[in-house]
Amino acid sequence: MIRSLRYSLVALLLLLAGCAGVDIEDYAGSEPRLDIAEYFTGTTRAWGMVQDYSGEVQRRFTVDIQGSYTDNTLTLDESFVFSDGETDRRVWTFERIDEHHWSGSANDVNGQVEARQYGHVFHMRYPLEIEVSGRMLTFTMDDWMFLQPDGRLINRTAMRKFGLTLGEITLVFEKVNS
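Definitions and limits used
Residues numbered from 1 in each chain as written. Predicted model: local features only at pLDDT ≥ 70, side-chain atom pairs only at ≥ 80, totals over all residues. Heavy atoms only, no water. Pairing = 2+ DSSP bridges. Helix = DSSP H or I, 4+ residues; strand = E, 2+ residues; numbered from the N terminus. Axes fitted to C-alpha atoms, helices over the stretch in contact; angles between N-to-C directions. Buried < 20%, exposed > 50% of the residue type's maximum accessible area, 1.4 Å probe, protein only. Lys, Arg positive; Asp, Glu negative; His and termini not counted. Salt bridge = Lys/Arg side-chain N within 4 Å of Asp/Glu carboxyl O. Contact = heavy atoms within 4.5 Å. Core = buried A, V, L, I, M, F, W, Y, C linked by side-chain atoms within 4.5 Å. Phe/Tyr/Trp six-rings, centres within 6.5 Å; stacked < 30°, edge-to-face > 60°. Lys NZ or Arg CZ within 6 Å of the ring centre and 35° of its normal.

Taken in spatial order, the 10 strands close into a barrel running 1-2-3-4-5-6-7-8-9-10, and their pairing is antiparallel. Across the sheet, the mean angle separating the axes of adjacent strands is 30° when strand polarity is ignored. Bridge analysis of strand 5 (residues 101-106) against strand 6 (residues 113-118) gives four bridges, and the strand direction is antiparallel. Bridge pairing in strand 6 links Gly 104 to Val 113.

The structure is reproduced here in structure tokens:
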């Protein structure tokens, strides 16, 4: 019985390992082309929500972003306002490595973030410490942005812990005319 269970578990793990995720390079050549420096320079506003593992909305928020791009450095100053009145701020700094690669950091992100952009898509994965029920937990954020033909940018982020998706964040960004 134990041997059978062990073989079943190994087979399941091999099957899951064989399930390849999306490769961002598959989007190369797709339109409209997204360049995060071009998109986020100036003022951008986003509307978002956080959902738990069951899909229930736990929080809603807006974020106003001031972006500047100088000498291959993109700085995004993000001001969050949650529906319960809580506020937060995150400042991202991205260094352009080449046409497709960025290296980023933020005030509340541990370490450097490697990010890539191809076609209409931007992707990055990074650790983020988040308070949950009074405890600080570190999640792996798997962040995908998709530029739409109308200029809006849709962002989907899976919040993972121990390889399991325990929450998702969805945002819609829109440029603000200055």
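Positionally, Glu 78 belongs in strand 3 (residues 73-82). One buried charged side chain, Glu 78, makes no salt bridge at all; its nearest oppositely charged neighbour is Arg 90, positioned 4.0 Å away. Setting aside its immediate chain neighbours within four residues, Glu 78 contacts Val 63, Asp 64, Ile 65, Asp 88, Arg 89, Arg 90 and Trp 92.

On to the nonpolar core, then. Counting residues in each nonpolar core, the largest one holds 35 residues, and the members touching the most others are Phe 40, Trp 92, Phe 94, Phe 122 and Phe 173. Ranked by residues supplied to this core, first place goes to strand 8 (residues 135-147) with five residues. When neighbours within four sequence positions are excluded, Trp 92 is seen to be in contact with Leu 74, Thr 75, Leu 76, Glu 78, Ser 105, Ala 106, Val 109, Val 113, Met 124 and Tyr 126.

To continue, consider the packing of aromatic side chains. Aromatic ring pairs are reported here in terms of the distance separating the ring centres and the angle at which the planes meet. Applying the stated criterion to the full structure yields 12 aromatic pairs. Here the aromatic rings of Tyr 39 and Phe 40 are separated by 5.1 Å at their centres, their planes lie at 75°, and the arrangement is edge-to-face. Grouping residues by exposure puts Tyr 39 and Phe 40 together as buried. Note on Trp 144 and Phe 146: the rings are 6.2 Å apart at their centroids and 10° apart in plane angle, and the pair reads as stacked. Comparing Trp 144 with Phe 146, the two get one shared label, buried. By the ring-pair criterion, three or more aromatic residues cluster together here, those being Tyr 69, Trp 92, Phe 94, Trp 102, Phe 122 and Tyr 126. One Lys or Arg, Arg 59, reaches over the ring of Phe 82 and ends 3.9 Å from the middle of that ring. It is Lys 161 that lies over the ring of Phe 162; its NZ or CZ is 5.0 Å from the centre.

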